[in-house]
Amino acid sequence: MEVKERIVDLRQYFIYLWENAILIILIAGICAGGMLGFSYKKQKAEIASTTAADKAVINTIINQNHDAFYATTADKRIYTDAVPPADTYNSAAKLYIDFNFDSIEGGESLDISKVLYGYQQDALMLIVSDEALQNVIDKLDLHSYDDMKEITPNDLKWMVNKNMLGANMMQVVVSDVDPDRAKLINEAVLEEFTNRIGSFASIDKVDIIDHPSTPQGGMQPTETPATISKKKLLKYAIVGGAGGFILIAGIFLLIFIFNDSVRNSLDVAYVDMKMFGTVSKSHSKREECCKRLAFNISLLKDKKKIAIIPVDKKSEDDELVSMIKEELAKVNKDIKVETSKNIIDSADATMEAVNSDAFIVLAKYGKTRIKDMIFAKSELDKTEKENLGVILESVR
């Protein structure tokens, strides 16, 4: 027994995809949206994790500096030598402070070293005053950072390390988990300090010797962005959409391969019949197709009656047959065309074929099944009437 193989027509496959374009776009859109949501949640989780870790580091910085400042003499070395927490960056600056001793009274009995020490302590406190640090918080909008939403001037005070390196040289070091932010905070602290010295008689002027720099080296902070990355969202959406399209296209390919519906002349040939003609799905081309079919029928000079037999319920189209009749009457009134119910559901179809000189099988594109075509051919062959071929209607 000869084994037949159906040939997959890729052109028809792409038409099949086009027919289901809305469903394909919907599924691809759902996949894109799903991956978009996944990316958003993933980034949010990463940001939350990084924020929690950064907050923990900042709290460690604050606590270490606070404890070191208030430690007893015996514990001072322990806190001073404490290892800075990982991911800490220090932005350093140096100031030269010109103190004013002209207004001091006391003559030779005046202890200049004590006065200088007092001036130095005033300068150290002035640079981290609550008012100055609140201005820094407001100016830099530090509350907009997830890891500093609850920062207060008293907290920021312990992130700013300050000490005198000599009689007039002050060093200011800001410790933070973000190197760029450490520099910005240090610059803002110095700006507040230099703007406020005019109201203090003990200080003539301040010169910044070494401006704050962006810290380098050390353990690099986690590269998770502080905000949701639109590029990543777009990337995941594109990947999700493309993946969804490939998936559904693959599923439709399997359906197309295993679907036994008739779509072209190759499928008609598979059931040992030939194509008599096609009728376009487009209404604007339908009349032209009927004219061509009527002309082809008119060429059958030895035939007086032609039966058009629908294969199944979906193939029945009285309007189409009427249009063919009308066009045929214009070119050849001697040939009559008749139709009947479909051969699957009615035995009258076979009788109509018997009472005709020849018959044409009517099938519907993408709807009529191969197995029904085989059954129809088997039944109609019993009539021993000539099989003129198949009219395939609603063709894309």
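These notes cover the structure that comes with them. (Residues numbered from 1 in each chain as written. Predicted model: local features only at pLDDT ≥ 70, side-chain atom pairs only at ≥ 80, totals over all residues. Heavy atoms only, no water.)

Helix and strand counts for the protein come out as 13 helices and nine strands. Taken over C-alpha atoms, the radius of gyration comes to 45 Å for the protein, far larger than the 21 Å a tight globule of 396 residues would show. The principal-axis extent of the C-alpha atoms belonging to the protein is close to 145 × 45 × 30 Å. Residue burial in the protein is summarised as follows: out of 396 residues, 42% are buried. Within the protein, counting contacts between residues at least 6 apart in sequence, those at least 24 apart form 80% of the total. (Helix = DSSP H or I, 4+ residues; strand = E, 2+ residues; numbered from the N terminus. Rg over C-alpha atoms; globule rule 2.2 N^0.38 Å. Buried < 20%, exposed > 50% of the residue type's maximum accessible area, 1.4 Å probe, protein only. Contact = heavy atoms within 4.5 Å.)

What follows covers the packing of helix α10 (residues 283-298) against helix α11 (residues 318-331). At a minimum axis separation of 8 Å, α10 and α11 run at an interaxial angle of 55°. Classified by the interaxial angle, the pair formed by α10 and α11 is oblique. Of the two possible hands of crossing, α10 and α11 adopt the one that is right-handed. Mapping the contact onto sequence places Arg286, Glu287, Cys290, Lys291, Leu293, Ala294, Ile297 and Ser298 in α10 and Leu320, Met323, Ile324, Glu327, Leu328 and Val331 in α11. A per-class count over the contact of α10 with α11 returns nine nonpolar, one polar and four charged. (Axes fitted to C-alpha atoms, helices over the stretch in contact; angles between N-to-C directions. Parallel < 35°, antiparallel > 145°, perpendicular 65-115°, else oblique. Left-handed = near helix turned anticlockwise from the far one by under 90°. Nonpolar A, V, L, I, M, F, W, Y, C, P; charged D, E, K, R; others polar.)

For the rest of this paragraph, the subject is the nonpolar core. For soluble globular proteins, the rule of thumb is that nonpolar side chains tend to be buried together. Among the nonpolar cores identified, the biggest contains 40 residues, and Leu95, Ile97, Ile127, Leu156, Met170, Phe193 and Ile203 are the most heavily contacted of them. Of all elements in the fold, only α2 (21-70), β1 (89-99), α4 (112-126), α5 (130-140), β2 (160-164), β3 (169-176), α7 (179-196) and β4 (203-210) reach the threshold of two or more residues within this core. Sequence-distant contacts of Leu156, defined by excluding residues within four places in its chain, comprise Leu133, Val136, Ile137, Leu142, Ile151 and Ile185. (Core = buried A, V, L, I, M, F, W, Y, C linked by side-chain atoms within 4.5 Å.)

To continue, consider the state of the cysteines. Within the structure shown, the criterion is met by zero disulfides. We note that Cys289 lacks a disulfide partner, and the nearest cysteine sulfur, in Cys290, lies 6.9 Å from it. (Disulfide = S-S within 2.5 Å.)

This next bit is on the sheet that holds β4. In spatial order, the strands read β2-β3-β1-β4; together these four strands make up an open sheet with antiparallel pairing. Two strands lie at the open edges of the sheet, namely β2 and β4, each paired on one side alone. Recorded for the sheet is a direction-independent mean angle of 25° between the axes of neighbouring strands. In terms of strand pairing, β1 meets β3 through eight bridges, oriented antiparallel. Looking at β3, one finds that Tyr89 is bridged to Asp176. The strands that α7 touches are β1, β2, β3 and β4; relative to β1, the one it contacts most, it runs at about 15°. (Pairing = 2+ DSSP bridges.)

Turning our attention to the packing of aromatic side chains. Within the structure shown, the criterion is met by nine aromatic pairs. Geometrically, the ring pair formed by Tyr13 and Phe14 is tilted, given 5.4 Å between the ring centres and 50° between the ring planes. Overall, Tyr13 belongs to the buried group, its relative accessible area being 8%. Members of the aromatic cluster, each reached through a chain of ring pairs, are Tyr13, Phe14, Tyr16, Phe252 and Phe256. (Phe/Tyr/Trp six-rings, centres within 6.5 Å; stacked < 30°, edge-to-face > 60°.)

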